[in-house]
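Here is what each chain is made of, one letter per residue.
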Amino acid sequence: MITIILEIREIILKAYQKIRAVVNPVVKFFFALLVFSSINSSLGFDPKFTKISIVVILSVVSAITPNAVMAFLAMLLILLQVYSVNLFVAVLLLFIFIILYAMLLRFSPKEVIVAVALPVLAKYNLHYAIPILMGSISNPVSILPTVCGVVIYHLLDVVKVAATREISRKIDDVVELYTDIFDSLIANKQMIMMIVVFSIVITVVWFIRRFAFDYSFEISLGAGVMVNILGFLIADLKYDVTVTIGTLILMSVVSGAIAMVCDYMKRVLDYTAVERVQFEDDDYYYYVKAVPKVNISLREMDIKHYNRSAVDGEDYEDEDETEDEDYEPEFSEEDEPEEPEEEDVKEYRAPSYRNSGSVKLLGKPSDLEEDSIELPEDDYEEELLLTDGEEDDK
Amino acid sequence: MLNERKIRLMTKLAIYEKKDGKEDLKLAKYYKGDYARLQAWKTGIAVTIAYVLLLVVAAVYKLEYFLDNAFIIDFKELGMKVLGIYVIVLTVYVVIAMLGYSLKYAASRKKLAKYFRMLRKLNHFYLVEDGVVKEDEE
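Residues numbered from 1 in each chain as written. Chains lettered and ligands numbered in written order. Predicted model: local features only at pLDDT ≥ 70, side-chain atom pairs only at ≥ 80, totals over all residues.

1. Quick look at the overall build of chain A
So, step 1. Along its length, chain A carries 15 helices and three strands.
So, step 2. The buried share among the 394 residues of chain A stands at 30%. (Helix = DSSP H or I, 4+ residues; strand = E, 2+ residues; numbered from the N terminus. Buried ≥ 20, exposed ≤ 12 C-beta atoms within 10 Å, placed from the backbone.)

2. Topic: the overall build of chain B
So, step 1. Looking only at helices and strands, chain B has five helices and zero strands in total.
So, step 2. Each helix and strand of chain B, ordered N terminal to C terminal, gives the series α-α-α-α-α.
So, step 3. Since a compact globule built from 138 residues should have a radius of gyration of about 14 Å, the 28 Å found for chain B marks it as more spread out than a globular shape.
So, step 4. Within chain B, buried positions represent 15% of all 138 residues. (Rg over C-alpha atoms; globule rule 2.2 N^0.38 Å.)

3. Some words on the confidence of the model for chain A
So, step 1. For chain A, per-residue confidence averages 76 on the pLDDT scale, and 75% of positions sit at 70 or higher.
So, step 2. Counted against residues more than four places away or in other chains, residues 313-394 of chain A, with its pLDDT under 50, gives 109 contacts. (pLDDT = per-residue confidence, 0-100. Contact = placed C-beta atoms within 7 Å.)

4. Observations regarding helix α4 (residues 67-85) of chain A
Residues and elements named next belong to chain A.
So, step 1. With 19 residues, α4 extends 28 Å from end C-alpha to end C-alpha; this agrees with the ideal 27 Å at 1.5 Å per step.
So, step 2. Along α4, the positions that sit buried rather than exposed are Met70, Ala71, Leu73, Ala74, Met75, Leu77, Ile78, Gln81 and Val82.
So, step 3. Those residues of α4 that are buried are in contact with α1 (2-43), α2 (47-50), α3 (52-64), α5 (87-103), α6 (112-122) and α8 (143-163). (Expected span 1.5 Å × (residues − 1).)

5. As for helix α1 (residues 4-18) of chain B
So, step 1. Compared with the 21 Å implied by 1.5 Å per residue over 15 residues, the 21 Å span of α1(B) between its first and last C-alpha is a close match.
So, step 2. All of the buried residues along α1(B) are Arg8(B), Leu9(B), Met10(B), Thr11(B), Lys12(B), Ile15(B) and Tyr16(B).

6. Considering the packing of α3(A) against α4(A)
Residues and elements named next belong to chain A.
So, step 1. Taken N-terminus to C-terminus, the directions of α3 and α4 make an angle of 155°; their axes are 8 Å apart at the nearest point. In terms of orientation, α3 and α4 fall into the roughly antiparallel class. In this structure, α3 uses Leu58, Val61 and Ser62 to contact α4, whose residues at the interface are Val69, Met70, Leu73 and Leu77.
So, step 2. For the contact of α3 with α4, the residue count by class is six nonpolar, one polar and no charged. (Axes fitted to C-alpha atoms, helices over the stretch in contact; angles between N-to-C directions. Parallel < 35°, antiparallel > 145°, perpendicular 65-115°, else oblique. Nonpolar A, V, L, I, M, F, W, Y, C, P; charged D, E, K, R; others polar.)

7. Considerations on the interface of chain B and chain A
So, step 1. Listed by partner, the interface residues are 27 residues for chain B and 28 residues for chain A.
So, step 2. Here the residues of the side of chain B that touches chain A sort into 17 nonpolar, two polar and eight charged.

8. Observations regarding the pairing of strand β2 (residues 284-292) of chain A
All names here are of chain A.
So, step 1. When strand β1 (residues 275-280) meets β2, the two strands line up antiparallel, connected through six bridges. The partner of glutamine 278 across the bridge, within β2, is tyrosine 287.
So, step 2. In this structure, the hairpin formed by β1 and β2 is closed by a connection of three residues. (Pairing = 2+ DSSP bridges.)

Here it is in structure tokens:
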């Protein structure tokens, strides 16, 4: 059973390796589409910005640019929508966005997207997944963008109502409007409780995940889900914050599962990313495609256990390297083996004994000359497309 | 002739430079103290701007109260209060920023150490190559 799961995993990974360059922007495009259309559905005051063409253009731009651009565009869209009905609320929103950025968001620029994702996911009660996920893939600094997301989520609710209010341009009306917005924000116990509970969840998940005991990762997620449920229950009982208990428990568990899948995907996909790099030395330009070795076809795998002394030759003293997943070599310069002859290198494929502790040969053992075995120093097979440097210099 | 070991090493270097290295090499331009201080300054400026905006928003929020009690309010005391809170907020932010960015710098140095080790190895390849050339000439 496990074999089949692992094989399916490998097939998916291999396929993903090939289409990664396409999949990532497409996923991002659909997420951006969700973000912008949900902004428009709740704040669709100006039909100019609600047009599908605008939403698609914004999504395309977001898909091919860094995450921060999507967050910026989302804020801009909110401001424009509110501006179209109420200048004063738009100015207030702009101020609040700048304050949030300067005091919270700028410390974790890579996680700005959380501040945008949380209000969107909250519509489907999936926002519980964010603190659990941030705790497991990031560190407590991610509390800042999460808090930001919570504030924006509640702010939009308030603004949606306030922006449509008919007001004259008299200062009294404006002040009253501002006062109402702030009163309803400050009195919003749900927002404060959500900030507190989410901060605790992130810290707990991050803290437990760092321990080295077995299943610490799974336990940390479980603890995150429990803290989330308990936190909101306490909030419900003690501070009179309305929470639908059934939804809370169900969605917390679902969120935990989502966080688990996301975390797994992130870790696996980070390791299996095909890298394309180019560099040069005195003689050549190199265009290298580095493909991480992820092949673990268990059923077809032909494992041969060699007595190390049978393989060890004088020239191959650095074979102790058993680093996994890491592409930095760790041996010192004294251990550097002599350069094998070029013909030797071509006679075999570098075997990998990562994750196994034994030597795994990709070729048939009979193909190998014992004295031509070179053990690998890294986890990449390079495909080299070489051009002669002198030709390119013309 | 291609030196596959050298290509592997150069590939690793290039991958690092393309990913984590981008940020790490940027930090490597500074000394630790300089970097932490620069970031603390930036944080201080950002917090100041945010605080001023907060004051503006708060002033509008409480405008009615100010207008009603314009003659009763002790503006000197209020000013001191506002300034005091500002100093506390600023200190907290700057201290945390100094600590946080120092940690970030330390983490990047660790990764850079690996990078420099690989660079030394690459340099070693060139030294060997040069040595070989000289031997042939002799």
